[in-house]
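# Residue-level structure breakdown
Residues per chain are reported as follows:
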Amino acid sequence: MVLVAQLVGALLGLLAVVFGAFGAHLLKKTFTEDQLNRFETGVKYQMYHALLLLMLSFNLNLETGLEKAIIYCIIIGIILFSFSIYGLCISASKGNKIKILGPITPIGGLLLVTGWGLLFYNIVKNYI
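Conventions we followed
- Residues numbered from 1 in each chain as written.
- Predicted model: local features only at pLDDT ≥ 70, side-chain atom pairs only at ≥ 80, totals over all residues.
- Heavy atoms only, no water.
- Helix = DSSP H or I, 4+ residues; strand = E, 2+ residues; numbered from the N terminus.
- Buried < 20%, exposed > 50% of the residue type's maximum accessible area, 1.4 Å probe, protein only.
- Contact = heavy atoms within 4.5 Å.
- Axes fitted to C-alpha atoms, helices over the stretch in contact; angles between N-to-C directions.
- Parallel < 35°, antiparallel > 145°, perpendicular 65-115°, else oblique.
- Left-handed = near helix turned anticlockwise from the far one by under 90°.
- Core = buried A, V, L, I, M, F, W, Y, C linked by side-chain atoms within 4.5 Å.
- Expected span 1.5 Å × (residues − 1).

Quick look at the environment of S82 now. Following the sequence through the fold, S82 ends up in helix 3 (residues 65-93). Taking relative accessible area as the criterion, S82 reaches 0% and is therefore assigned buried. In sequence terms S82 and L26 are 56 residues apart; their C-alpha atoms lie 18 Å from each other. Ignoring anything within four residues of it in the chain, the contact list for S82 reads G42, Y45 and Q46.

Locating Q35 in the fold gives a position in helix 2 (residues 33-59). Those residues within four positions of Q35 in sequence are excluded, and the remaining contacts are T30, C89, A92 and S93.

A separate point is the packing of helix 2 against helix 3. Two elements in contact, helix 2 and helix 3, have axes whose closest approach is 9 Å; the angle formed by their N-to-C orientations is 160°. Considering their axes alone, helix 2 and helix 3 lie roughly antiparallel with respect to each other. Remark: the crossing between helix 2 and helix 3 carries left-handed chirality.

Nonpolar side chains tend to gather and get buried jointly when the protein is soluble and globular. F31, F39, V43, L53, L56, I71 and I74 are the most contacted members of the largest nonpolar core, which totals 26 residues. Elements with a minimum of two residues in this core: helix 1 (2-25), helix 2, helix 3 and helix 4 (104-127). With nine residues, helix 3 is the single largest residue contributor to this core. In contact with L53, not counting residues within four places along its chain, are A5, V8, G9, L12, I71, I74 and I75.

In this section: helix 3. A rise of 1.5 Å per residue sets the reference length of helix 3, with its 29 residues, at 42 Å; its end C-alpha atoms lie 41 Å apart and thus fit the reference within 8%. One or two residues past the end of helix 3 sits G95, with phi positive at roughly 80°.

See below:
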């Protein structure tokens, strides 16, 4: 599980840089200011959580069910959260907003919150 967290963390970090550059240079011409801000929010959350995955993979064994649940919540959460934002922004800029992606964003956000909550619980459980 450590290797999974490291690989996915590195890949999500790489993609965050690529998407950030893509948004700043290419999409800037076709996005409204609001769409660009939303896209950047997706990129920021993706990078924050890519770094979190890497930090956790270097500091935890990721062997317990709780630790694995933390990693899964973060990975699935960031895919649902950030990638649904990207899809919404890109489709809206082309005049054909994919509305089904709208409800997916908060589900991804809830998984991210759950991952952080489980991390908090894991810290309290192990060190206090």
